Amino acid sequence: MATENKNLSDYDKSAIPDASNFRFGIVVAEWNEVITEGLFNGAYQALIENEVPQANIVRWNVPGSFELIYGSKKMLQTQNVDAVIAIGCVIQGQTKHFDFVCEGVTQGIKDLNIQTDIPVIFCVLTDNTMQQSLDRSGGVHGNKGTEAAIAAIKMAYIRQQAT
Ligand code: DLZ
């Protein structure tokens, strides 16, 4: 199945590595909180359903998506995690701020993936409207938080195999 718009029940469980010994950090932006909470819930639920112990999931909040870079960096430096999921939502406004925040967080998370050894999963919605974000955070287009959690498990496994 294509990787787009999947719910947890759509995944072939046998294709997801054993996550019961992994530890995950989830960094959540407070901007557009309704959306980021939906994404967090999707990610958290997917980790729990894949047998990640509650105690192995560390959540930190940061003010906005731009702060996901620093939050993710400190998370991977201090919390002994196997992967970090960075959750945010940037919605197009009247000014260029959207472009700058999107560009900044995308490049920042990319840089962390290059410069450090812990995978950081990009779970930042960049939408034109609130409805598009609602649709992707537990709505008609599924939950990108769920997809991010599965990606985190797979990347933690790849890192373990390659270390
Ligand atoms: C300033 C700002 C704006 C306009 N829009 C968003 C947004 O849609 N989503 C988001 O996560 N954050 C936004 N921010 C806040 C910035 O990410 C950041 O928190 C501030 O610029 C302070 O560094």
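Summarised in this report is the structure supplied together with it.

Basis of the calculations
- Residues numbered from 1 in each chain as written.
- Predicted model: local features only at pLDDT ≥ 70, side-chain atom pairs only at ≥ 80, totals over all residues.
- Near = placed C-beta within 6 Å.
- Helix = DSSP H or I, 4+ residues; strand = E, 2+ residues; numbered from the N terminus.
- Nonpolar A, V, L, I, M, F, W, Y, C, P; charged D, E, K, R; others polar.
- Pairing = 2+ DSSP bridges.
- Axes fitted to C-alpha atoms, helices over the stretch in contact; angles between N-to-C directions.
- Contact = placed C-beta atoms within 7 Å.

## Observations regarding the site of the ligand
Inference 1: Around the ligand, the surrounding shell holds 15 residues, and the nearest of these are Trp31, Gly64, Ser65, Phe66 and His97.
Inference 2: Looking at the shell around the ligand, the element that brings in the most residues is strand β3 (residues 83-91), giving four residues.
Inference 3: A per-class count over the shell around the ligand returns eight nonpolar, six polar and one charged.

## Structural notes on the sheet that holds strand β2 (residues 57-62)
Inference 1: On the basis of which strands lie adjacent, the open sheet formed by four strands has the order β2-β1-β3-β4 and parallel pairing. Every other strand in the sheet has two partners, leaving β2 and β4 (120-127) as the edge strands with one partner each. Put simply, the sheet's adjacent strands are angled 15 degrees from each other on average, direction ignored.
Inference 2: Looking at chain direction, strand β1 (residues 24-29) and β2 are connected through six bridges and run parallel. Paired with Ile26 across the bridge in β2 is Arg59.
Inference 3: Each of β3 and β4 touches helix α3 (residues 97-115); the most contacted strand, β4, lies at about 170 degrees to it.

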